[in-house]
Amino acid sequence: DESVVKESSAYPIRILTQDDELRTVKCLQPLVLRHSNEISLGDFLKKHYTVDGELNSSNIVIAGINPPLETPIDWLSRNLSHPDSFLYICLL
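Let me sum up the structure you'll find in this document. As the structure is a computational prediction, the values presented were derived from the model and not from experiment. Each chain carries its own residue numbering, running from 1 in the written order of its sequence. Given that the model is predicted, a residue must reach a pLDDT of at least 70 before its local features are reported, and side-chain atom pairs must reach 80 or more before they are shown or counted; all residues, however, enter totals for whole chains, interfaces and linings. Excluded from the side-chain calculations are hydrogens and water; all other atoms, namely the structure's heavy atoms, are used.

Working note: regular strand, side chains alternate between the two faces of the sheet. The rule is simple: take the accessible area with a 1.4 Å probe, protein chains only, and divide by the maximum for that residue type; under 20% is buried, over 50% is exposed, in between is partly exposed. Labels follow the DSSP assignment, with helices taken as runs of H or I lasting at least four residues and strands as runs of E lasting at least two, numbered in each case from the N terminus. Most of strand β4 (residues 87-91) sits inside the fold, with 4 of its 5 residues counted as buried. As judged from the 4 bridges shared by strand β1 (residues 10-16) and β4, these two strands associate in the parallel manner. By the bridge assignment for β4, Arg14 is matched with Tyr88. Strand pairing is assigned whenever DSSP identifies at least 2 bridges connecting the two strands.

The following block contains the structure:
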């Protein structure tokens, strides 16, 4: 059935800034219909953090890389989280 939704789960995320600000967000994965887009890194940051200036991948570092803003937050959490289960997003 195409209306089946994915199970929801929480992703613990920490956003760090140059101002030494640390914000912890417990992001609930949105219920997503099959064949639709999941929330991207760019959309997540716009929703959970006020960004001064232009948001682009060159000023975002996760696990030592600059992921594209289109990368699903679900993928980032599953593949780039630290051993403490948090996904650390550094804003430069």
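Salt bridges are defined as contacts in which a side-chain nitrogen from Lys or Arg sits within 4 Å of a carboxyl oxygen from Asp or Glu. One pass over the structure, following the stated rule, counts 1 salt bridge. Asp74 is the partner of Arg78 in a salt bridge, and the nearest nitrogen-oxygen pair spans 2.8 Å. One end of the pair is Arg78 and the other is Asp74, both in helix α2 (residues 73-80) and 4 residues apart, which spans about a single turn. With relative accessibility at 8%, the residue Asp74 sits in the buried group.

On to the environment of Gln18. Structurally, the position occupied by Gln18 is in the loop between β1 and β2 (22-28). Sequence spacing of Gln18 and Leu91 is 73 residues, and the spatial spacing of their C-alpha atoms is 6.8 Å.

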